[in-house]
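Summary of structural features
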Amino acid sequence: MSNQQDVEKRIQHNATDSAVIHGLYETVHNDWSGDINDYDISPYTDSSEAFHDGDYDEIKKRAKSDGYLYIKGALDVERNMSLRDDVLRICAEQNLLLKDDILRDDVDVNSGSGPTAFWDIFVKLQSFNEYLHKEPLLLKLFSHMYGEEFMLLPRVLFRFFKNNGEFSKLHQDFWYSGVARNMWTAWVPFGDNPIDKGVIVTAKGSHLNLGNIPNEDRFFDQSNQITFKLNKDDYEWLASDFESGDVLLFHNLTTHFSTTNTTNHLRLSADFRFIPLSDPLADYFFIPHMTEHTWDDIYEDWDSTDYQRYWSHLESKFMSPDEIDDTTNSIMSHTTQFQSNI
Ligand SMILES: O=C(O)CCC(=O)C(=O)O
Ligand SMILES: [Fe+2]
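Here the structure is a predicted model, which means the values were calculated and not measured.

Attention shifts here to the site of ligand 1. What surrounds ligand 1 is a group of 14 residues, the closest being Ser168, Asp173, Ser258, Arg267 and Arg273. Contacts to ligand 1 include tryptophan 187, whose side-chain N or O atom sits 3.0 Å from an oxygen atom. A distance of 3.2 Å is found between an oxygen atom of ligand 1 and a side-chain nitrogen or oxygen belonging to histidine 256. In the complex, 100% of the free accessible area of ligand 1, which totals 300 Å², lies under the protein chains. Listing elements by their share of the shell around ligand 1, those giving two or more residues are strand 6 (157–161), strand 7 (184–189), strand 13 (256–258) and strand 14 (267–276). Per-element tally for the shell around ligand 1: the top contributor is strand 14, with three residues. When the residues that make up the shell around ligand 1 are grouped by side-chain class, the tally is four nonpolar, five polar and five charged.

Encoded structure:
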């Protein structure tokens, strides 16, 4: 098994039972819809004023009660558009586009990284890897909120959704953080991203009243995604249009999914993650996503070393795969009460 397959498998293993990985469970059919019209939707509350005022008490209050922060204009628009240009330039060079940001019909897409010909180049790009490091307000937000040091993880997932009915099924990111209990995700679209391109929908209050969905309740559905059963009518759902520079931050217990892209245009976004350094550190947080490239390969053409291996002083604290296994098995079973410090 290649290094990359091994890492992806270990992460999936945390998100389910080892029994699932060993093929002992059947795939469960689940008809969760990615159509926004099937949900009772309210808009996200914008926290941009508190964010730009540096009002961290207010930010923390909202984070605690809502489990998310929707911040309009949090990020530099020019850099956001420039990264989008980088994506489309690589796609054009690889002959993946019909025109503009419209993908050729015959191009196979992996929604969690994009077509291989694109991702193989993009994952090495300095502008992509340095992207949130150059957003000082956002970078320091969680440290200010919690009064302890948070770190942006170098493993970044890229989303590449076309109009083919695919979407991300209902889940909590805690399943993938595994050992880290207070991880936050930053979902960043590149360019304007109205709801019809597909956005993140969260279940209001789910970080408090759903708690951790234990791995006994999770299953692989027919599209091979790990998900769980929930009655959609029992929840109020939140979603909003996004413009270039907007970001959605959510705690790893906030239950969410994404809606389908119903336009001809690509939905391009990335999910970045922050963890407090007091949480256990899994080695796979620090391994690039879905690639055989090592960090040395990735850094090959960079003109600066400023943001390279910025986590190296923590490597001695990384948990071994066995320690990670033991921890996730105990955290995720029904018998353990999950406590979040949100
Ligand atoms: O962009 C998507 O479709 C899913 C993203 C997601 O689940 C996340 O950012 O945690
Ligand atoms: Fe997620």
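This part is about helix 5 (residues 77–93). Over its 17 residues, helix 5 runs 24 Å from end to end, which matches the ideal 24 Å to within 8%, given 1.5 Å per residue. Residues of helix 5 that are buried: Asn80, Leu83, Arg84, Asp86, Val87, Leu88, Ile90 and Cys91. Turning to helix 5, the residues buried within the fold contact strand 3 (97–99), helix 6 (116–122), helix 7 (126–129), strand 6, strand 7 and strand 14. By the N-cap criterion, in which a side-chain oxygen at the helix start approaches the backbone nitrogen of a residue two or three places on, helix 5 is capped by aspartate 76, the distance to glutamate 78 being 3.2 Å. Looking one or two places after helix 5, you find asparagine 95, whose phi comes out positive at around 60 degrees.

Calculation rules
Residues numbered from 1 in each chain as written. Chains lettered and ligands numbered in written order. Predicted model: local features only at pLDDT ≥ 70, side-chain atom pairs only at ≥ 80, totals over all residues. Heavy atoms only, no water. Near = heavy atom within 4 Å. Polar contact = N/O pair within 3.5 Å; in protein donor to acceptor, adjacent residues only side chain to side chain. Areas by Shrake-Rupley, 256 points an atom, 1.4 Å probe, with all protein chains shown as cover. Helix = DSSP H or I, 4+ residues; strand = E, 2+ residues; numbered from the N terminus. Nonpolar A, V, L, I, M, F, W, Y, C, P; charged D, E, K, R; others polar. Expected span 1.5 Å × (residues − 1). Buried < 20%, exposed > 50% of the residue type's maximum accessible area, 1.4 Å probe, protein only. Contact = heavy atoms within 4.5 Å.

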